[in-house]
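# Tertiary structure, described
Chain residues, written in single-letter form:
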Amino acid sequence: EQGSDPADTRYINGSIDQETFGMSIRFNYTIKPNLTLQYWGQPFIAKAQYNEFKYITDSRAKNYQDRFVAYSSDQIHYESGDGQYHIDEDLDGTNDYSFGNPDFNFIQFRSNLVARWEYIPGSELFLVWSQGLANSGDPSDNLFPSLVDNVFDSKADNIFLMKLTYRFIK
């Protein structure tokens, strides 16, 4: 939060502990030369937890340590009930301002399944199933269990497509 006076504005930074995992899986299967299946899947997860909060005092100071002031354990308190960090900067027993917990856990899974049938030379029928889902998880969870739990517990967006081509032969 900030007061109405621009001098009351605080730019707060912190250290970040971040883990990210992403990969692509591709599978092609030829049933017959004119009938194929293709699958592509991409899980992605990123989680971050912030700590060691500090506020900027002089962003252009020559010495790095002079650019900010770190909050002491007496100045900062996290309240899990409202998900806020409360700051008592002047240590007078009254919160001067607060900010939300910036920790996050983002989970996404996208996939495509394509069936291709060449019903006459040069003419094809494509059937496509595309699926995507995204969710937020608990940043304190481990990376892989969070991915599995949130992928299978999420409502997916499904798209079905059909494409038909026909080649006119002279």
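Going by the structure above, here's the rest.
These lines cover the structure that appears in this document, whether it is placed above or below.

### Concerning the environment of Gln 131
On the secondary structure map, Gln 131 appears in strand 9 (residues 123-136). As for Gln 131 and Leu 113, which are separated by 18 residues in sequence, their C-alpha atoms are 8.7 Å apart. Those residues in contact with Gln 131 that sit more than four places away from it in its chain are Phe 109, Arg 110, Ser 111, Ala 156, Asp 157 and Asn 158. Reaching out from Gln 131, the side chain makes a polar contact with the side chain of Asn 158 at a distance of 3.0 Å.

### Description of the pattern of salt bridges
Enumeration over the complete set of coordinates arrives at four salt bridges. Notably, a salt bridge pairs Glu 19 with Lys 47, separated by 3.9 Å at the nearest N-O pair. Note that Glu 19 is positioned in strand 1 (residues 12-22) and Lys 47 in strand 3 (residues 35-56), a separation of 28 residues in sequence. Residue class for Glu 19 comes out partly exposed when judged on its relative accessible area of 34%. For Glu 124, the salt bridge identified is with Arg 116, shortest N-O distance 3.1 Å. Arg 116 gets classed as buried once you look at its relative accessible area, which sits at 16%. The structure contains a network of salt bridges with shared partners spanning Arg 116, Glu 118 and Glu 124.

### A short note on the nonpolar core
Counting residues in hydrophobic clusters, the biggest one holds eight residues: Phe 53, Tyr 55, Tyr 71, Ile 76, Tyr 85, Ile 87, Tyr 97 and Phe 99. For this core, the elements supplying multiple residues, two or more each, are strand 3, strand 6 (84-87) and strand 7 (97-100). When near neighbours in sequence (up to four residues on either side) are disregarded, Phe 53 contacts Ile 12, Asn 13, Gly 14, Ala 70, Tyr 71, Ile 76, Tyr 85, Phe 99 and Pro 102.

### A look at the sheet that holds strand 7
One key point about sheets: their strands pair by backbone hydrogen bonds, in either a parallel or an antiparallel sense. If you walk across this open sheet you meet the three strands as 5-6-7, and the pairing is antiparallel. Where the open sheet ends on each side, the last strands, each with one partner, are strand 5 (76-79) and strand 7. Here the strands of the sheet are splayed against their neighbours by 25 degrees on average, with no regard to which way each runs. In this structure, strand 6 lies alongside strand 7, joined through four bridges in antiparallel fashion. Residue Ile 87 lies in a different strand from strand 7, and its bridge partner there is Tyr 97.

Conventions used here
- Residues numbered from 1 in each chain as written.
- Predicted model: local features only at pLDDT ≥ 70, side-chain atom pairs only at ≥ 80, totals over all residues.
- Heavy atoms only, no water.
- Helix = DSSP H or I, 4+ residues; strand = E, 2+ residues; numbered from the N terminus.
- Contact = heavy atoms within 4.5 Å.
- Polar contact = N/O pair within 3.5 Å; in protein donor to acceptor, adjacent residues only side chain to side chain.
- Salt bridge = Lys/Arg side-chain N within 4 Å of Asp/Glu carboxyl O.
- Buried < 20%, exposed > 50% of the residue type's maximum accessible area, 1.4 Å probe, protein only.
- Core = buried A, V, L, I, M, F, W, Y, C linked by side-chain atoms within 4.5 Å.
- Pairing = 2+ DSSP bridges.
- Axes fitted to C-alpha atoms, helices over the stretch in contact; angles between N-to-C directions.

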